[in-house]
Amino acid sequence: MPTPLEQLSAGALDWLGRNLDHFDPFSESTGPATHGKAKAALELGLLCHRAARPNDTPDALSGATALVRKLWQDPDFPKLFDAIPAYASTYRLIYAALAPDGIDGTQGRAALALLDPGFLSPRGKSPYRRIEIRYYADQAGVRHGMEPYARLLPQSPVVTLRAAGPPEGSKDSGGLAPDAVEPLTTPQAYALTHTAFYLGDFGRTDPRLDAGAVDHAQDLIRRMLLHCVAHDRWDLAAELVLAQFVLGSDPLRTPSGAAAVECLVRSQRPDGAIPGRSAALKAPPSATAGEFFRKAYHTTLVTALMATIVSSPGRLS
C-alpha cells in the first residue's frame, strides 16, 4: 500500500511523463504563447535537476530527463527567451544553472553573455530577488555582486514577513482551525517558499537560519498551510509542505503538513494530474487537452517535486 506521498509522486510523475509533448516548445502540441513554452520547459528542467538523486533516478523521470537534455542542446531553445524581454535575463540564468551534467556548455555560456547589464548587481533589487539571483548564479558558476547569505538573511522574507490578523490558528501541537484572515498575501507566501528553497537548495543543504528564524518561518508556513487546506489552494499547499521540509520538519509529523498532503491526495485525479492551482482555478470539464495542460502542469509538477523530495531517504549535501 503506497504512502500518501508515494501516491502523489507516482501519479504526478506518470501524468507528466505522458504529457512531455506539451513541455516541448517545438512540438505541435504546445500552445502559441512563447512565454509559456519557455517557462514550462525550464520548470521541467528544475524537476529533473532537483528531484533526481545520484544513482537513484526514478524511472518515471527518464523521459523528462531525455527531453531536458535534448532541449538544453538545441540552439533554438534559448532563442525563445528573446521574445520575453522582462524575463529574458532570469530565464537565461536559470537555463545555465540547470544545465544537465555532461552536455556541451557553449550555449549556457552564450546565454550568460547576453544577460542585461546590471542584472547580477544588487542595485535596485529586493532582498528576495537578490537571494534568488545569487542561488541560480552560484548554481551556474557565474560571478555576481550579490551579498553573502549571512548579510541577506536578516532582510529576507523568512525573517521579515509578518502574518496579518491575530494568531487564531492553533499550534501544530493542537487543533487545525485556520486563521480567519489570510495570514500572507499570495505573493508574500510564494516569496516565503521560494526563499526557503534557495537557502536550503530544495532540501539538500542546511538553510543557515538560526533557531528563532526557523521557528518564525515555520509558524508562517503552518498558518498558511491551514488556510490553503481550508480553501483548496493546491499549488501553494505543495510549495509550503516542501518549504516545511527544507526548514527541517517532517511534514507528515505536523498536523498542518499532514492535512495539506491529504488535501493534495483528494485533489489528484485518477490520471495523476492536479487539475489547477486551486479548486477555484481548476480546469473546467470542457477544457481541451492543451487548455488542461496549461491549467494543470505547474501544480502537478510542483506536487511531484515536493512528494519526491520529501519522501527521499534524507537530505543530501
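Here the structure is shown first, and the text comes after it.
This one's a predicted model, so the numbers in the text were calculated from it and none came from an experiment.

The rules behind the values
- Residues numbered from 1 in each chain as written.
- Predicted model: local features only at pLDDT ≥ 70, side-chain atom pairs only at ≥ 80, totals over all residues.
- Heavy atoms only, no water.
- Salt bridge = Lys/Arg side-chain N within 4 Å of Asp/Glu carboxyl O.
- Helix = DSSP H or I, 4+ residues; strand = E, 2+ residues; numbered from the N terminus.
- Buried < 20%, exposed > 50% of the residue type's maximum accessible area, 1.4 Å probe, protein only.
- Axes fitted to C-alpha atoms, helices over the stretch in contact; angles between N-to-C directions.
- Parallel < 35°, antiparallel > 145°, perpendicular 65-115°, else oblique.
- Left-handed = near helix turned anticlockwise from the far one by under 90°.
- Contact = heavy atoms within 4.5 Å.
- Arc of directions from axis to C-beta.

Some words on the pattern of salt bridges
Side chains that differ in sign of charge can pair as their charged atoms come close. Following the criterion strictly, the structure yields 14 salt bridges and no others. Note that aspartate 24 is salt-bridged to lysine 70, the shortest N-O span being 3.2 Å. Separated by 46 residues along the polypeptide, aspartate 24 in the loop between α2 (20-23) and α3 (34-51) and lysine 70 in helix α4 (residues 62-72) bring together distant segments of the chain. Look at aspartate 24 and you get buried, because its relative accessible area is 10%. Relative accessible area serves as the criterion here: at 48%, lysine 70 is assigned to the partly exposed category. The closest approach of N and O atoms between arginine 134 and aspartate 138, which form a salt bridge, is 3.4 Å. In this pair, arginine 134 and aspartate 138 are both assigned in helix α7 (residues 127-140), four residues apart and thus about one turn of the helix distant.

Overview of the packing of helix α5 (residues 85-97) against helix α6 (residues 106-113)
Orientation of α5 relative to α6, taken along the N-to-C sense of each, is 155°, at an axis distance of 9 Å. Between α5 and α6, the angle falls in the class roughly antiparallel. The crossing of α5 and α6 is left-handed. Contacts between α5 and α6 involve Arg92, Leu93, Tyr95 and Ala96 from the first element and Gln107, Gly108, Ala111 and Leu112 from the second.

Topic: the environment of aspartate 74
Position of aspartate 74 relative to the elements: it lies in the loop between α4 and α5. For the pair aspartate 74 and proline 187, spaced 113 residues apart in the sequence, the C-alpha separation amounts to 33 Å. Ignoring sequence-local partners within four residues, the contact set of aspartate 74 consists of Phe26 and Gln107.

Concerning α6
Looking only at α6, the buried set comprises Gln107, Gly108 and Ala111. Buried positions in α6, seen along its axis, are confined to an arc of 100° and lie on one side of it. More than 90 degrees from the buried face of α6, the exposed residues found are Arg109 and Ala113. Buried residues along α6 sit in contact with α4 and α5.

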